[in-house]
Amino acid sequence: MVDLAQTVFGVTFQNPVLLASGTCGYGEEYADIIDVDQLGGIVTKAVTLHPRVGNPPCRISETPAGMINSIGLANVGLEAFKREKLPWLRENLHRAQVLVNVAGWSVDDYVKVVGGLDDEHGFLGYEINVSCPNVDGGTLFGTDKVALAELVRALRAVTQRPLVIKLTPNVADVGVFAQICEENGADGLSSINTFPGMLIDVETRRPVIGSTTGGISGPAIRPMGVYVTWKVASRVKLPVIGIGGICTASDAMEYILAGAALVQIGTAMFVDPYSAPDTVQGLHELCERQGVGRLSELVGALEV
Ligand SMILES: Cc1cc2nc3c(=O)[nH]c(=O)nc-3n(C[C@H](O)[C@H](O)[C@H](O)COP(=O)(O)O)c2cc1C
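Let me sum up the structure you'll find in this document. (Residues numbered from 1 in each chain as written. Predicted model: local features only at pLDDT ≥ 70, side-chain atom pairs only at ≥ 80, totals over all residues.)

### Remarks on the environment of valine 114
Phase 1: Considering the arrangement of structural elements, one finds valine 114 in helix α2 (residues 107–117).
Phase 2: Along the backbone, valine 114 and glycine 291 are 177 residues apart, and their C-alpha atoms lie at a distance of 42 Å.
Phase 3: Leaving out residues up to four positions away in the same chain, valine 114 has contacts with Val102, Tyr126, Leu155, Val158 and Thr159. (Helix = DSSP H or I, 4+ residues; strand = E, 2+ residues; numbered from the N terminus. Contact = placed C-beta atoms within 7 Å.)

Structure follows, in structure tokens:
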């Protein structure tokens, strides 16, 4: 028997496979299709202080190896999240861990969301989105070293729960940003959010996406995601969650070998909603075939 469990942030994840923020709603949306509680966990859609309707359509479209999205952080807002979404997570997820993804435009925004959630039950910790390319100011904190340090310090002061910062790949040296998170009290890092991109309809000569540009995700970004994960894991001691283009166990294993303790699956779930449970099963088989008893032995086991 292969042990896929990973102990991260002081708790045990039964396996390393989580659903990525923005691609699984608040968990309930997948409940009729897969047993979400068999996964390592889920990361909710971004929660902002106030509800947001998001960007104008078209908000998603296929790209040659993935998709482009510009949802614009549409979400129910803090109060409705507590009232309408957290109860389902609390009542239905007993083994899968829950991270709440949080977005904002000022330190105060983030602090109010985290402060407003911290006394609630039903989730483990926070994934702080400082890396959304689809709204004005969405990557402000992820690309400004001083602002990032201030944000992480401010959040550390209002919560004891795991604080995971979701990095943007759109900086010259992501290792520096990882180090800033570590030095200011973060517990972990998620790597990566989407890359900015655009699609143009050559007949109308207009952008396909309503807000002109969007974030590129899916298999196209996997090699970049693995690279960023490797750079980050080589630079800091914090646990890293690898994200970007994972569709199979082999894809997940690339991230794990590069240094990720956990992984998230997003875009692949739109193509095949069994991608996440199949990845868990595939990791079992891959480890078994390679004679590996514990998956944790493989974290950062890349040989260069
Ligand atoms: C439709 C859509 C919505 C997303 N919404 C969020 C979000 O609210 N917060 C966030 O941090 N990331 C969001 N993301 C980024 C994903 O969580 C993930 O980092 C990215 O898609 C790369 O993983 P993937 O290639 O497996 O999809 C979103 C991605 C997609 C495709």
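### A look at the nonpolar core
Phase 1: Formed by 85 residues in total, the largest nonpolar core has its most connected members in Val102, Leu189, Ala260 and Val263.
Phase 2: Sort the elements by how many residues they give to this core and helix α7 (residues 249–258) lands first, with six residues.
Phase 3: Those residues in contact with alanine 260, other than ones at most four positions away along the chain, are Thr229, Ala233, Val240, Ile241, Gly242 and Tyr255.
Phase 4: Met67, Ile68, Phe195 and Ile221 belong to the second-largest nonpolar core, a separate cluster that totals six residues. (Core = buried A, V, L, I, M, F, W, Y, C linked by C-beta atoms within 7 Å. Buried ≥ 20, exposed ≤ 12 C-beta atoms within 10 Å, placed from the backbone.)

### Notes on the site of the ligand
Phase 1: Taken together, 28 residues sit near the ligand, with Gly22, Ala46, Ser217, Gly266 and Thr267 positioned nearest.
Phase 2: Along the lines of polarity and charge, the residues of the shell around the ligand split into twelve nonpolar, 14 polar and two charged. (Near = placed C-beta within 6 Å. Nonpolar A, V, L, I, M, F, W, Y, C, P; charged D, E, K, R; others polar.)

### Observations regarding the sheet that holds strand β11 (residues 195–197)
Phase 1: Pairing within the open sheet is antiparallel, and its four strands lie in the order β5-β6-β14-β11. Of all strands in the sheet, those with a lone pairing partner are β5 (60–63) and β11, marking the two edges. Averaged over neighbouring strand pairs, the angle between their axes works out to 35° when direction is ignored.
Phase 2: Judged from the four bridges that link them, β5 and strand β6 (residues 66–69) form a sheet pairing that is antiparallel. For serine 61, the partnering residue across the bridge sits in β6 and is isoleucine 68. (Pairing = 2+ DSSP bridges. Axes fitted to C-alpha atoms, helices over the stretch in contact; angles between N-to-C directions.)

### Some details on unusual backbone geometry
Most peptide bonds are trans, and most residues other than glycine sit at a negative phi.
Phase 1: The omega torsion across proline 57 and cysteine 58 is -5°, close enough to zero to call that bond cis.
Phase 2: Assignment of secondary structure puts cysteine 58 in the loop between β4 (41–43) and β5.
Phase 3: Between serine 191 and the following residue, isoleucine 192, the backbone shows a cis peptide bond with an omega angle of 25°.
Phase 4: By secondary structure assignment, the location of isoleucine 192 is in the loop between β10 (188–191) and β11.
Phase 5: Even without glycine at this site, phenylalanine 9 takes up a positive phi of about 60°.
Phase 6: Examined against the element boundaries, phenylalanine 9 turns out to sit in the loop between β1 (6–8) and β2 (11–13).
Phase 7: What makes phenylalanine 9 buried here is the crowd of 21 C-beta atoms within 10 Å.

### Looking at the sheet that holds strand β3 (residues 17–19)
Phase 1: Here we have eight strands rolled up into a closed barrel, ordered β3-β4-β7-β8-β9-β10-β15-β16, and parallel in their pairing. Taking each pair of neighbouring strands and ignoring which way they run, the sheet shows an average axis angle of 25°.
Phase 2: For β3 and strand β16 (residues 260–265), the ladder comprises three bridges, and the chain directions are parallel. Its bridge partner being in β16, leucine 18 is matched across the sheet by glutamine 264.

### Observations regarding helix α9 (residues 275–289)
Each turn of an α-helix holds 3.6 residues, which means side chains three or four residues apart point in the same direction.
Phase 1: Across its 15 residues, α9 extends 20 Å between first and last C-alpha, which sits within 8% of the 21 Å expected from 1.5 Å per residue.
Phase 2: Burial in α9 covers these residues: Ser275, Ala276, Thr279, Leu283 and Cys287. Each buried residue of α9 sits inside an arc of 105° when the element is viewed along its axis, so together they form one side. Set apart from the buried face of α9 by more than 90 degrees, the exposed residues are Glu285, Glu288 and Arg289.
Phase 3: On its buried face, α9 is in contact with β3, α7, β16 and α8 (268–271).
Phase 4: Directly beyond the C-terminal end of α9, a positive phi value near 70° is found at glycine 291. (Expected span 1.5 Å × (residues − 1). Arc of directions from axis to C-beta.)

### Regarding the packing of helix α4 (residues 145–158) against helix α5 (residues 174–183)
Phase 1: At their nearest, the axes of α4 and α5 sit 9 Å apart, and the two run at 30° to each other. Taken together, α4 and α5 sit at an angle that is classed as roughly parallel. The element α4 and its partner α5 pack so that their crossing is right-handed. Contacts between α4 and α5 involve Lys145, Leu148, Ala149 and Val152 on the former and, on the latter, Val176, Phe177, Ile180 and Cys181.
Phase 2: Residues that form the contact of α4 with α5 fall into these classes: seven nonpolar, no polar and one charged. (Parallel < 35°, antiparallel > 145°, perpendicular 65-115°, else oblique. Left-handed = near helix turned anticlockwise from the far one by under 90°.)

### Quick look at the pairing of β16
Phase 1: Buried residues dominate β16, accounting for six of its six residues.
Phase 2: Note that strand β15 (residues 240–243) and β16 share four bridges and pair parallel. Across the sheet, isoleucine 241 pairs through a bridge with leucine 262, a residue of β16.
Phase 3: Of the crossover connections in this fold, the one passing from β15 over α7 to the parallel β16 is right-handed. (Right-handed = clockwise from strand over helix to strand, strands pointing away.)

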